[in-house]
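The lines below spell out each chain.
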Amino acid sequence: MKKAIPVIILVLLTSFLLACSSDSDEDTPSAKESSSNPIGLVPQKANLLGYLNAAQLLDDEDIINMYNESDKEPGDPETIEDALDMIGAEGFGAVVLFADLSDMSDLDSIPDIPDDGSIPDLGELDGYMGIIVEGSFDKDKLIAGIEAETEEEITTSTHNNHTIYADSEGSAIAFLSDDMFVMGTIDPVKDVIDVKEGDESSVNGEVLDIYDDLGTALFKLAMLIPEGLAEEFAEEDMGADGIMSMDMSEFEDIETVALTVDKQDDSVAIEAQICFASQDSAQALKEIITDLAMLFGLEDLELSVNGSCVLIGIEITSAMIEDTMEGMLEGFAFELE
């Protein structure tokens with residue numbers, strides 16, 4: 001099953017990364033709008049909420065062509081159509097990601113980005129996380145595709161009148177309706193079912209408030225950072241040698257992260273808000289980002305401190321990406337000399 005998760009994520013994430021050429025006029029749903037909304041089915045344990053408008057991304061010819069022509073690993077679907085067919089889907093609507101970061105406080109468990117720049121195997125992730133997907137799909141074909149991909153028999157069990165399909169590694173999928181399923185590790189899958197049946201409360205509180213305050217976007221993400229994860233992040237060795245060396249120890253009081261990505265004309269607008277317990281930490285992060293922006297030539301980066309939060313905004317075009325990559329290469333070349 002874990003091998004099947006990256007197949008789904010691969011299609012959606014690749015589309016997201018290539019979304020510069022598509023326009024979005026659909027609203028991002030709020031959890032307070034409808035109980036049938038995927039966000040409204042996220043368990044209360046979650047402290048990470050993400051949303052992706054997959055329908056918009058998968059309906060753009062430029063994105064389809066760019067994916068179809070991109071380099072792929074052996075066994076990866078060659079086209080968008082092949083990828084969708086592999087998992088028995090005709091298309092996707094909203095995709096919601098949720099997790100409990102307290103259950104993933106070991107940074108070493110996060111897969112490294114491969115040296116060839118390909119997407120890491122997200123199926124290696126453990127802990128409390130899942131995705132809720134709206135779409136048009138064939139249940140039997142989806143399960144058969146998962147069995148073929150994992151080369152093992154999927155077992156079934158019943159939880160709260162819903163069939164759960166699971167593998168030997170603890171990953172599971174359950175169909176919530178004819179056009180919605182949840183996929184992830186077993187506990188969050190069961191919890192989503194319980195929320196749908198009214199036996200458990202849905203996510204609420206600060207993380208939901210942050211999520212809803214982000215408004216409409218092609219992609220948005222809200223996180224409450226657990227203390228243990230923040231402390232481990234602060235202890236990370238972030239480029240101990242050379243020009244990219246950073247002291248992260250003063251950022252162990254990070255509390256929340258919010259991010260939106262949206263399409264505006266021919267550019268992608270990215271806005272982020274990173275909040276700390278103290279204004280000193282926010283000011284220190286601002287200074288680091290300012291130095292990095294100067295190093296990579298990001299002159300259009302908007303950066304400010306509001307209380308104990310750092311606000312970051314930038315509109316990225318293809319030309320800016322090329323200029324930034326050139327700046328990074330020059331910086332690394334300087335470091336190696």
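Higher on the page you've got the structure.
All of these numbers come straight from a predicted model, not from anything done at the bench. Residue numbers here run from 1 along each chain, matching the order of that chain's written sequence. Local features are withheld for residues below a pLDDT of 70 in this predicted model, meaning they are given only at 70 or higher, and side-chain atom pairs are given and counted only at 80 or more; totals for whole chains, interfaces and linings count all residues. Excluded from the side-chain calculation are hydrogens and water; included are all heavy atoms of the structure.

A.B. asks: How do you make sense of the packing of aromatic side chains when you look at a structure like this?
C.D. replies: Here the distance between the centres and the angle between the planes together describe a pair of aromatic rings. Any pair of Phe, Tyr and Trp rings, taking the six-membered ring for Trp, is counted once the centres come within 6.5 Å. Such a pair is stacked with planes under 30 degrees apart, edge-to-face with planes over 60 apart, and tilted for the rest. For the structure on display, the rule yields five aromatic pairs. Judged by centre distance (6.4 Å) and plane angle (70°), the rings of F98 and Y128 are edge-to-face. With a gap of 30 residues between them, F98 in strand β2 (residues 89–99) and Y128 in the loop between β2 and β3 (129–137) connect regions that are remote in the sequence. With respect to burial, F98 and Y128 carry one shared label: buried. Between Y165 and F175 the ring centres are 6.0 Å apart and the planes differ by 75°, which places this aromatic pair in the edge-to-face class. The helix and strand labels rest on DSSP assignments: H or I over at least four residues marks a helix, E over at least two residues marks a strand, and numbering proceeds from the N terminus. Only protein chains enter the calculation, and the probe is 1.4 Å; a residue is then buried if its accessible area is under 20% of its type maximum, exposed if over 50%, and partly exposed in between.

A.B. asks: Just checking my understanding: could you explain the pattern of salt bridges for this structure?
C.D. replies: Any two side chains of opposite charge can pair, given that their charged atoms come close. Any carboxyl oxygen of Asp or Glu that lies within 4 Å of a side-chain nitrogen of Lys or Arg is treated as forming a salt bridge with it. Applying the stated criterion across every chain yields a total of two salt bridges. Salt-bridge contacts for K45 lead to D100; the nearest nitrogen and oxygen are separated by 3.9 Å. Of this pair, K45 sits in the loop between α1 (4–17) and β1 (48–53) while D100 is found in the loop between β2 and β3, placing the two residues 55 residues apart along the sequence. Residue K45 is classed as partly exposed on the basis of its relative accessible area of 42%. Salt-bridge contacts for D178 lead to K139; the nearest nitrogen and oxygen are separated by 3.7 Å.

A.B. asks: What is the right way to look at the state of the cysteines in this model?
C.D. replies: Covalent bonding between the sulfur atoms of two cysteines defines a disulfide. Note on terminology: disulfide denotes any pair of cysteine sulfur atoms within 2.5 Å. Applying the stated rule across the entire model yields one disulfide. Sulfur-sulfur distance for the disulfide between C275 and C309 comes to 2.0 Å. Its torsion about the S-S bond being 105°, the disulfide of C275 and C309 is classed as right-handed. Note that C275 is positioned in strand β10 (residues 267–276) and C309 in strand β12 (residues 309–316), a separation of 34 residues in sequence.

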